[in-house]
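In case you want the letters, here they are:
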Amino acid sequence: MTAPDSKSDKPNLYDMNRDEIATLLKTWGEPVYRARQIVEWMYKHKAASIEDMTTLPKSLRERLAADEQFSSDGQTIKRLFKLPDGQLIESVLMEYDDGRRTACISTQAGCAMGCVFCATGQMGFARNLTSGEIVEQAVQFARELEAQGDRLSNVVLMGMGEPLHNYDHTLHAIRILNDPDGLGIGQRHITMSTVGLVPGIRRFADEGLQAGLAVSLHAATDEERSKLLPINQRYPIADLIEAVKYYIEKTGRRVTFEWALIRGENDTPEQGRQLGMLLRGLLCHVNMIPLNPTGGYDGAPSDPARVAAFQAELEHYRVSSTVRVRRGIDIQAGCGQLKAAVIAKKAVAAEKTARRRGPERAR
Ligand code: SF4
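Here we summarise the structure given alongside this text.

Procedures and definitions
Residues numbered from 1 in each chain as written. Predicted model: local features only at pLDDT ≥ 70, side-chain atom pairs only at ≥ 80, totals over all residues. Heavy atoms only, no water. Helix = DSSP H or I, 4+ residues; strand = E, 2+ residues; numbered from the N terminus. Buried < 20%, exposed > 50% of the residue type's maximum accessible area, 1.4 Å probe, protein only. Axes fitted to C-alpha atoms, helices over the stretch in contact; angles between N-to-C directions. Parallel < 35°, antiparallel > 145°, perpendicular 65-115°, else oblique. Left-handed = near helix turned anticlockwise from the far one by under 90°. Contact = heavy atoms within 4.5 Å. Nonpolar A, V, L, I, M, F, W, Y, C, P; charged D, E, K, R; others polar. Pairing = 2+ DSSP bridges. Salt bridge = Lys/Arg side-chain N within 4 Å of Asp/Glu carboxyl O.

This brings us to unusual backbone geometry. Glycine aside, residues mostly have negative phi, and peptide bonds are mostly found in the trans state. For His 218, which is not glycine, the phi dihedral falls at a positive 65°. Inspection of the secondary structure assignment puts His 218 in the loop between strand S10 (212-216) and helix H8 (222-228). Look at His 218 and you get buried, because its relative accessible area is 1%. Although it is not a glycine, Arg 318 adopts a positive phi angle of roughly 55°.

Listed below in structure tokens is the structure:
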């Protein structure tokens, strides 16, 4: 029941769908109809703890509370979650004027992809999240929104990590998020993002889902892209575009390309032209966001005049695009920054404490 790479040896209810919870109850000699009640408490009522599931007998609540890890330790610092093994992950809620409420959630603690401008990439990879840990981030926001009479409408898997590098857990999480017994988020309102793991894109295309796909492209030539995203050396642009075409063919869905605009790097008219030629005629949209600067990378965001010139090149090739305002981690280029900030704060606090304790330490 526990995911192999989770350090917790306790099952997590959010890892399981209703049938799996029923199986667990059966092994405990409990009536299986309780599974429906539990699932209703989890997703309909967004219960914050097992104790809140008041229609369950006390003995079952005690057993569930003793045997499983219901929440991510409950410690959330501005939507920074501390997992049972101490890993920190982050998720962000984005509220749009048109009423959309989008949770941007993480799929890994850290990331192995090493994109140079990304705070998470600069931290390295810690571990995959379980499907329950992925789902819980969305449930947390759904609960907060419901308390305000609002509801979570969309989920994007664009927080920390490369979702297709944690394929099985991410896919199981999508199915639970989509399940009418779960949060009931429509497939078309769930977006998978990737930095370009070509085999993963093809596999995802074959799942028969209607989920969206967002590809972090950031450069239109292999030379430029490999400088920013090391994964491009393994899966060059031509292979990536072929996989995207396959996704479009299988799903009929428009694909989004993410583009972090970096001054003097990938915002030149030449890159705009190359991008226009690459994407012309493809069922796609380009989301451009001026770079979120990170401590470990020198690049700066593009200024408005360059952004406008870049967008004009795309228009010339009839490639639709939007320039968005930076909103926390709403594209990959921003992910990991919240965690980085908290770690930095902790380091400063630890240094202060060490300084205070200086004389003791010297002994
Ligand atoms: S941008 Fe995404 S894929 Fe790249 S290092 Fe950051 S989290 Fe990983």
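Turning our eyes to something else, we now look at the packing of helix H10 (residues 269-279) against helix H11 (residues 304-316). Helix packing geometry: the angle between the two helix axes and the distance between the axes. Direction vectors running N to C along H10 and H11 enclose 25°, while the axes themselves pass 8 Å from each other. When the interaxial angle is binned, H10 and H11 end up roughly parallel. The handedness of the crossing between H10 and H11 is right-handed. On H11, the residues that touch Pro 269, Gln 271, Gly 272, Arg 273, Leu 275 and Gly 276 of H10 are Phe 310, Glu 313 and Leu 314. Of the residues contributing to the contact of H10 with H11, the split by class is four nonpolar, three polar and two charged.

Let us now look at helix H2 (residues 34-44). Among the residues making up H2, those that are buried are Arg 34, Ala 35, Ile 38, Val 39, Trp 41, Met 42 and Tyr 43. Immediately downstream of H2, the backbone of Lys 46 shows phi near 50°, a positive value.

Attention now moves to the sheet that holds strand S4 (residues 92-95). Where strands meet in a sheet, backbone hydrogen bonds hold them as pairs that are either parallel or antiparallel. Strand order in the open sheet formed by eight strands is S4-S5-S8-S9-S10-S11-S12-S13, with mixed pairing between adjacent strands. The sheet terminates laterally at S4 and strand S13 (321-323), the two strands that pair on one side only. For this sheet the average axis-to-axis angle between neighbouring strands, irrespective of direction, equals 20°. Here strand S12 (residues 284-290) runs beside S13; their pairing, made up of three bridges, is parallel. Each bridged residue has a counterpart across the sheet, and for Val 286 the counterpart in S13 is Ser 321. Along the sheet face, helix H5 (residues 131-147) touches S4, strand S5 (101-104) and strand S8 (154-157) and points at about 45° away from the line of S4. In the packing of helix H6 (residues 167-178) onto the sheet, the strands contacted are S8 and strand S9 (190-194), and the crossing angle to S9 comes to about 165°.

For the rest of this paragraph, the subject is the environment of Gly 184. Within the secondary structure layout, Gly 184 lies in the loop between H6 and S9. Gly 184 sits in the partly exposed class, given a relative accessible area of 34%. Sequence spacing of Gly 184 and Leu 152 is 32 residues, and the spatial spacing of their C-alpha atoms is 9.9 Å. Those residues in contact with Gly 184 that sit more than four places away from it in its chain are Leu 177, Asn 178 and Asp 179.

Right, let's get into the pattern of salt bridges. Where charged atoms from two side chains of opposite charge approach closely, those side chains can pair. Evaluated as defined, the whole model comprises 18 salt bridges. Between Lys 46 and Glu 146 there is a salt bridge, and its shortest N-O distance comes to 2.6 Å. Placement of the pair is Lys 46 in the loop between H2 and helix H3 (58-67) and Glu 146 in helix H5, with a sequence separation of 100 residues. Of the charged contacts, one joins Asp 85 and Arg 127 as a salt bridge, the two residues approaching to 2.6 Å between their closest N and O atoms. One end of the pair, Asp 85, is in the loop between strand S2 (80-82) and strand S3 (88-90); the other, Arg 127, is in strand S7 (residues 125-128), and 42 residues separate them in sequence. Residue classification places Asp 85 among the partly exposed positions, given a relative accessible area of 24%. Each member of the salt-bridge network shares a partner with another, and the members are Asp 85, Arg 127 and Glu 133.

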